[in-house]
Amino acid sequence: QVQLNESGGGLVQAGGSLRLSCATSGLTFSNYAMGWFRQAPGKKREFVASITRSGGDTCYIESVKGRFTISRDNAKNTLYLQMNSLKPEDTAVYYCAVLRSSGIVSTVSATYWGQGTQVTISS
């Protein structure tokens, strides 16, 4: 079956960096657009970034543009999210997802989810 396993979360100070990884199995990874979402306490899960099947095109929410970079390694079946200049408002559980399409999408566009990884930014 399809499995997505996120890793790389943790506690860092504001201004720091983290790199999230999402290792996948059970699917032909290169056939799917992929995305990252996040959910802060008491808030709805929101789109963060997406990437096309080839990795040639990416989309981000405005609040992370210039700070976050989504990428993928199709040979390793792995999705990444490099997060720099982190802010306390980036604190959330981050989820990777298989998407029906790339672009700025909602949660309904996701067909499979990982279990999430906690990212906590201290001020």
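See above for the structure.
Quick notes on the rules
- Residues numbered from 1 in each chain as written.
- Predicted model: local features only at pLDDT ≥ 70, side-chain atom pairs only at ≥ 80, totals over all residues.
- Heavy atoms only, no water.
- Helix = DSSP H or I, 4+ residues; strand = E, 2+ residues; numbered from the N terminus.
- Buried < 20%, exposed > 50% of the residue type's maximum accessible area, 1.4 Å probe, protein only.
- Pairing = 2+ DSSP bridges.

(A) Region of the structure containing unusual backbone geometry. Despite not being glycine, N77 shows a phi value in the positive range, around 55 degrees. By the element assignment, N77 lies in the loop between β7 (68–73) and β8 (78–83). At S85, a residue that is not glycine, the phi angle is positive and equals roughly 50 degrees. When you line up the elements, S85 lands in the loop between β8 and β9 (92–99). Taking relative accessible area as the criterion, S85 reaches 41% and is therefore assigned partly exposed.

(B) Inspection of the pairing of β9 at higher detail. Counting buried positions along β9 gives seven out of eight residues, so the element sits mostly inside the fold. The pairing of strand β4 (residues 33–39) with β9 spans seven bridges and is classified as antiparallel. Bridge pairing in β9 places G35 opposite A97. Pairing between β9 and strand β11 (residues 117–122): three bridges, direction antiparallel. Paired with A92 across the strands is V119, a residue of β11. Two strands pair when backbone bridges link them, and β9 and strand β10 (residues 110–113) are joined in this way by three bridges, in the antiparallel orientation. In the sheet register, A97 faces β10, and the bridge partner there is W113.

Remember that the coordinates give geometry; whether it matters functionally is a separate question.
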